Amino acid sequence: MPPLPLPDPPHVALYEPEIPPNAGNIARLCGATGTPLHLIGRLGFSFHHPKAKRAVMDYWEDVDYTHHVAWADFEQAVAGRRLWMLTTKAERTLWDADFAPGDVLLFGPESRGLPADLLARDPARCLRIPMREGARSLNLATAAGIALYEAIRQLTANTG
Ligand SMILES: C[S@@+](CC[C@H](N)C(=O)[O-])C[C@H]1O[C@@H](n2cnc3c(N)ncnc32)[C@H](O)[C@@H]1O
């Protein structure tokens, strides 16, 4: 397996993340793997509030992250990349995805998931991580870890 980070790594994007420790956990994941991180829209934490800073800041210095205030700014930043939307409501599972270098993995907010109109734009790019029947969802940071490492596994499977 080639060393991390990959030359054109997958990206992780969080749409309106609400819970500071989840964002901190994902920042740590992205820092450890060399994964660019996009934060989109209203955040449930502030980089300036001392308490939130303590909760989330430890790992941010190692992370290549960008806060896009508007969705349009995010779209512009990732133009030309393929966007995969992680949702409990998808027909396709993560195991059906065929990841390419530079793909973007988009995750929704903890309380409500990704907006339905966004998911409806491209159902073929919506992915579900399998769970037992009746389970509501995974923790956001857990879902991000599973999906990101699956993308990395695929992108490194046939190299070195
Ligand atoms: C706590 S979940 C949101 C739950 C929300 N009530 C829903 O039904 O989408 C936060 C985010 O984690 C990701 N996630 C959690 N479980 C998932 C699963 N089984 N498959 C795909 N994504 C998942 C999704 O991106 C989701 O928007």
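The shown structure was predicted, so the numbers you read here are calculated from the model rather than taken from an experiment.

Colleague: Break down the packing of aromatic side chains for me, citing the residues and quoting the values.
Modeller: Counted according to the given criterion, the structure contains three aromatic pairs. Seen in terms of ring centroids, Trp71 and Phe74 are 5.1 Å apart; in terms of plane orientation they differ by 55°. Their pairing is tilted. Of this pair, Trp71 and Phe74 both sit in helix H3 (residues 71-77), three residues apart, which is roughly one turn of the helix. Just as Trp71 is buried, Phe74 falls in that class too. Counting every residue linked through ring pairs, the aromatic cluster contains Tyr15, Trp71 and Phe74. Positioned above the aromatic ring of Trp84 is the side chain of Arg125, whose terminal nitrogen or guanidinium carbon lies 4.6 Å from the ring centre.

Colleague: Quick one: what's the story with the environment of Ala100, residue by residue and with numbers?
Modeller: The topology assignment puts Ala100 in the loop between strand E4 (83-86) and strand E5 (104-107). Residue classification places Ala100 among the partly exposed positions, given a relative accessible area of 24%. For the pair Ala100 and Gly113, spaced 13 residues apart in the sequence, the C-alpha separation amounts to 24 Å. Residues contacting Ala100, with those up to four places away along its chain left out, are Arg82 and Leu155.

Rules behind the numbers
Residues numbered from 1 in each chain as written. Predicted model: local features only at pLDDT ≥ 70, side-chain atom pairs only at ≥ 80, totals over all residues. Heavy atoms only, no water. Phe/Tyr/Trp six-rings, centres within 6.5 Å; stacked < 30°, edge-to-face > 60°. Helix = DSSP H or I, 4+ residues; strand = E, 2+ residues; numbered from the N terminus. Buried < 20%, exposed > 50% of the residue type's maximum accessible area, 1.4 Å probe, protein only. Lys NZ or Arg CZ within 6 Å of the ring centre and 35° of its normal. Contact = heavy atoms within 4.5 Å.

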